[in-house]
Protein chains: 4
Amino acid sequence: MPETLARPTGLRADAARNRARLLKVARRHHAQTGQLPLNSIAAEAGVGIGTAYRHFPSQESLVEALAMDALDRLLDAVKHAIAANDPERAFRAMVTTAYEHLCDDTALTALLAGGTFTCADAAAVAGELFADVDILLRRARESGALRAEIDVDDLRRLLCGFSAAATAGPVPLGKDRERYVEVLLGGLRP
Amino acid sequence: MPETLARPTGLRADAARNRARLLKVARRHHAQTGQLPLNSIAAEAGVGIGTAYRHFPSQESLVEALAMDALDRLLDAVKHAIAANDPERAFRAMVTTAYEHLCDDTALTALLAGGTFTCADAAAVAGELFADVDILLRRARESGALRAEIDVDDLRRLLCGFSAAATAGPVPLGKDRERYVEVLLGGLRP
Amino acid sequence: MPETLARPTGLRADAARNRARLLKVARRHHAQTGQLPLNSIAAEAGVGIGTAYRHFPSQESLVEALAMDALDRLLDAVKHAIAANDPERAFRAMVTTAYEHLCDDTALTALLAGGTFTCADAAAVAGELFADVDILLRRARESGALRAEIDVDDLRRLLCGFSAAATAGPVPLGKDRERYVEVLLGGLRP
Amino acid sequence: MPETLARPTGLRADAARNRARLLKVARRHHAQTGQLPLNSIAAEAGVGIGTAYRHFPSQESLVEALAMDALDRLLDAVKHAIAANDPERAFRAMVTTAYEHLCDDTALTALLAGGTFTCADAAAVAGELFADVDILLRRARESGALRAEIDVDDLRRLLCGFSAAATAGPVPLGKDRERYVEVLLGGLRP
DNA sequence: AATGAATGAGCGTTCATTCAT
DNA sequence: TATGAATGAACGCTCATTCAT
């Protein structure tokens with residue numbers, strides 16, 4: 001009996017279909033309302049409530065499952081940035097990518113804003129992500145591209161705050177949301 | 001029948017007392033949970049639920065009433081800043097003050113993040129506030145202390161995002177939250 | 001705002017009617033199934049679920065309200081027994097009465113079997129009841145009508161056990177359930 | 001298709017292992033909570049829920065399987081008692097043994113309190129048990145050691161009631177639970 | 001104006017049971 | 001035979017809101 005996983009493997013065909021349906025409906029709910037009412041999500045997905053709970057025994061597990069894709073892509077991007085030469089460019093690329101993902105995925109923002117992980121694989125990816133970002137931050141700091149007093153956790157908070165800034169309000173920010181990441185990058189320079 | 005006001009005048013003594021009690025309890029709830037359950041708030045305040053609804057017919061009116069004090073103080077601070085000479089110092093003072101207020105008052109943050117106002121007086125104060133901030137921004141821009149593309153609404157978003165960054169997560173930021181306003185101020189420079 | 005009470009006073013007419021309906025339905029449920037599902041009870045009583053929770057915020061409060069009548073009558077009977085002269089007769093009368101009440105009221109049995117009370121007035125009546133029974137037990141013990149090692153709590157357990165014995169099973173015991181109280185009284189003699 | 005049995009024979013090795021695991025977990029659940037939630041029991045036992053249902057198609061069959069061991073031991077003890085000479089000693093030994101088993105095994109108590117059996121072999125053992133106890137009761141009655149009006153079914157009820165008395169409440173009775181069997185034995189004398 | 005009783009929509013969660021693999 | 005996915009009834013509980021007193 002495996003622990004709850006945000007990214008399960010070896011699902012039966014019908015189980016995978018149900019899971020995908022649930023995630024699809026859940027994603028819409030979270031983006032529109034910030035809530036994840038399992039009852040309605042199950043109903044809308046055309047799936048029994050018990051099935052929904054089998055797949056996602058807790059709201060956190062659902063949030064982490066929703067965020068998992070973006071988390072994976074983020075980790076990929078960070079790995080790429082680490083492999084690059086220019087520390088400042090790598091740092092800027094990482095911040096920009098993270099900002100974009102956070103703006104596009106409310107579940108990712110909620111997960112990172114919380115800062116705690118219950119599913120083993122989400123925690124693992126997040127741990128690796130933070131470790132890699134730490135490397136990028138060190139290099140950026142040494143190359144004089146980053147304020148000394150900002151660490152990984154500060155960046156996590158600031159990025160979540162910025163995506164909230166871009167997303168919040170009656171009208172979400174439009175195309176020009178890149179402006180904000182410029183403000184952030186400017187502010188992070190010593 | 002007067003419109004709902006966030007800062008009513010001419011209340012009977014007992015009505016004023018009830019209102020104050022409700023606000024006190026509501027403030028604690030909002031700060032601790034981000035929620036404003038009128039039933040429990042009325043019960044804890046020792047006030048009938050009907051009375052609570054008479055004072056605050058909607059959650060928004062309660063949020064605006066909660067934020068009204070901070071909104072007033074903010075407006076005061078901005079008026080002071082306008083009266084000063086140095087545009088850059090005035091701008092910095094305004095941003096810093098706003099940041100502090102937002103970090104300290106979850107209702108103010110919720111209200112400004114939403115960006116809409118239902119009570120006439122709250123809307124009035126906010127309108128004046130935004131107008132005055134706009135003046136400060138113009139001056140700062142002209143004096144070369146502020147990026148050209150940032151307007152009042154951007155600043156509103158960014159400030160809300162920054163206070164969210166400082167507040168969010170399992171552990172709210174401690175004493176050193178001023179660090180973040182430095183990042184913001186740095187980022188806002190051209 | 002008074003604490004939850006098992007025997008409230010000064011209810012509005014409609015509130016009293018709802019309360020009575022709820023208790024009536026609840027009593028039937030408890031007698032037949034030993035359960036107290038508030039949802040179904042409210043529905044059967046023709047009362048909103050919220051109303052049910054207003055009257056009985058917890059299952060315990062409902063059990064105690066159900067048992068309150070019997071508890072009162074029991075206390076009355078014990079007071080009478082205390083006023084009598086013959087310690088043995090008083091003791092026997094008390095045990096018999098308690099047994100009868102327990103056999104007739106499953107909620108009373110459940111409450112006394114648990115031995116804990118959450119409503120202030122139920123706790124008060126129970127406390128007085130136990131104190132008075134203790135007096136009866138002392139007298140009975142002194143007059144040689146009761147084993148030395150049996151105290152109030154033992155009697156509570158034994159009476160609950162006996163009423164369970166008379167009640168349990170596919171067919172509850174019929175008219176001749178008095179036989180069992182004779183066994184109990186016989187067993188309690190030194 | 002054989003009837004469900006509380007004590008099946010000729011199980012495959014893995015089936016027997018699964019059955020044992022289920023019983024072990026179920027016993028703990030029943031002792032601690034009085035409930036037998038098949039889903040959780042199967043999960044905790046590391047066995048598929050379908051397998052659990054194959055072994056125990058109903059809650060009763062599970063209860064009977066749990067009680068089977070104790071039922072066997074009880075029957076053994078009664079056979080021994082029948083073989084003895086002194087009818088009163090035999091009777092007392094039987095009552096005491098039964099009481100001890102009931103106090104120690106919540107499933108046995110639940111089964112005997114219900115008084116109905118669905119598995120053929122449980123019914124058979126219980127039938128033999130009751131018949132043998134009946135013999136002991138007759139002898140005891142004849143030798144003047146037992147009230148005339150108490151029959152096997154009364155004893156079943158009373159024993160269940162007494163073990164409930166010893167077990168119930170916030171604090172189960174401690175070491176001195178033998179006291180209660182003395183009360184019972186005393187009460188059963190003419 | 002104040003009170004608080006009533007309502008019911010809605011969400012969280014458990015668990016017995018069936019059935020496809 | 002074993003597995004575990006799926007289902008849905010049932011229940012617990014909260015809270016926004018209305019309305020009679």
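Residues numbered from 1 in each chain as written. Chains lettered and ligands numbered in written order. Predicted model: local features only at pLDDT ≥ 70, side-chain atom pairs only at ≥ 80, totals over all residues. Heavy atoms only, no water.

When you look at the relation of the copies chain C and chain D in this model, what are you seeing that I'm missing?
For the pair of chain copies, the relating operation is a rotation around an axis with a shift along it. Superposition of chain C onto chain D requires a rotation of 178° combined with a translation of 0.0 Å along the rotation axis, giving an RMSD of 0.3 Å. The operation mapping one copy onto its partner corresponds to a two-fold rotation axis. Ranked by how close their C-alpha atoms come to the rotation axis, the residues of chain C are headed by Gly187(C), at 1.7 Å. Interface overlap between copies is the fraction of interface residues in one copy that are interface residues in the other; for chain C against chain D it reaches 100%, indicating a shared surface. (Least-squares fit on C-alpha atoms with pLDDT ≥ 70 in both. Contact = heavy atoms within 4.5 Å.)

Looking at this structure, I do not really get the domain arrangement of chain A. What am I missing?
By convention, interface size is frequently given as the accessible area that disappears when the constituent parts associate. All names here are of chain A. For chain A, the assigned domains are domain 1 (13-58) and domain 2 (60-188). Computed over C-alpha atoms only, the centres of domain 1 and domain 2 are separated by 26 Å. Each partner contributes to the interface: domain 1 provides twelve residues, whereas domain 2 provides ten residues. Taken together, both faces of the contact between domain 1 and domain 2 bury some 940 Å²; the carbon and sulfur share is 64%. When the area that domain 1 buries against domain 2 is broken down by residue, the three leading residues are Arg-27, His-30 and Ser-58, summing to 53%. At the junction of domain 1 and domain 2, the tally comes to one salt bridge. Between Arg-27 and Asp-105 there is a salt bridge whose closest N-O contact spans 3.7 Å. Put simply, domain 1 and domain 2 have six residue pairs in polar contact (both at pLDDT 80 or more) between them. Of all the secondary-structure elements, those providing two or more residues to the side of domain 1 that touches domain 2 are α1 (13-33) and α2 (38-44). (Domains from an automatic or database assignment. Buried area = accessible area lost by both parts, 1.4 Å probe. Salt bridge = Lys/Arg side-chain N within 4 Å of Asp/Glu carboxyl O. Polar contact = N/O pair within 3.5 Å; in protein donor to acceptor, adjacent residues only side chain to side chain. Helix = DSSP H or I, 4+ residues; strand = E, 2+ residues; numbered from the N terminus.)

Quick question: what am I supposed to make of the protein's contact with DNA strand E here?
By nearness alone, 35 residues border DNA strand E, and Asn39(A), Gln59(A), Arg54(B), Arg54(C) and Asn39(D) come closest of all. Looking at DNA strand E alone, sugar and phosphate atoms form 60% of those within 4 Å of the protein. Side-chain polar atom of Tyr53(A) to a phosphate oxygen of DNA strand E: 3.2 Å apart, as the coordinates give it. Interatomic distance of 2.2 Å between a side-chain N/O atom of Gln59(A) and a phosphate oxygen of DNA strand E. Taken together, the elements giving at least two residues each to the surface near DNA strand E come down to α2 and α3 (49-55) of chain A, α1 (13-33) and α3 (49-55) of chain B, α1 (13-33) and α3 (49-55) of chain C together with α2 (38-45) and α3 (49-55) of chain D. Per-element accounting of the surface near DNA strand E gives the leading share, five residues, to α3(C). Residues belonging to the surface near DNA strand E are distributed by class as follows: 15 nonpolar, 15 polar and five charged. (Near = heavy atom within 4 Å. Nonpolar A, V, L, I, M, F, W, Y, C, P; charged D, E, K, R; others polar.)

I would appreciate a short explanation of the interface of chain B and chain A in the present structure.
Contacts between the two partners involve 28 residues from chain B, matched on the other side by 28 residues from chain A. When chain B packs against chain A, the two sides together hide about 2100 Å² of surface, and 59% of this comes from carbon and sulfur. Connecting chain B to chain A are two salt bridges. Across the salt bridge formed by Asp154(B) and Arg179(A), the nearest N and O atoms sit 2.6 Å from each other. Listed by contribution, the elements that provide at least two residues to the side of chain B that touches chain A are α6 (106-114), α8 (152-167) and α9 (178-188) of chain B. By residue class, the composition of the side of chain B that touches chain A is 15 nonpolar, seven polar and six charged.

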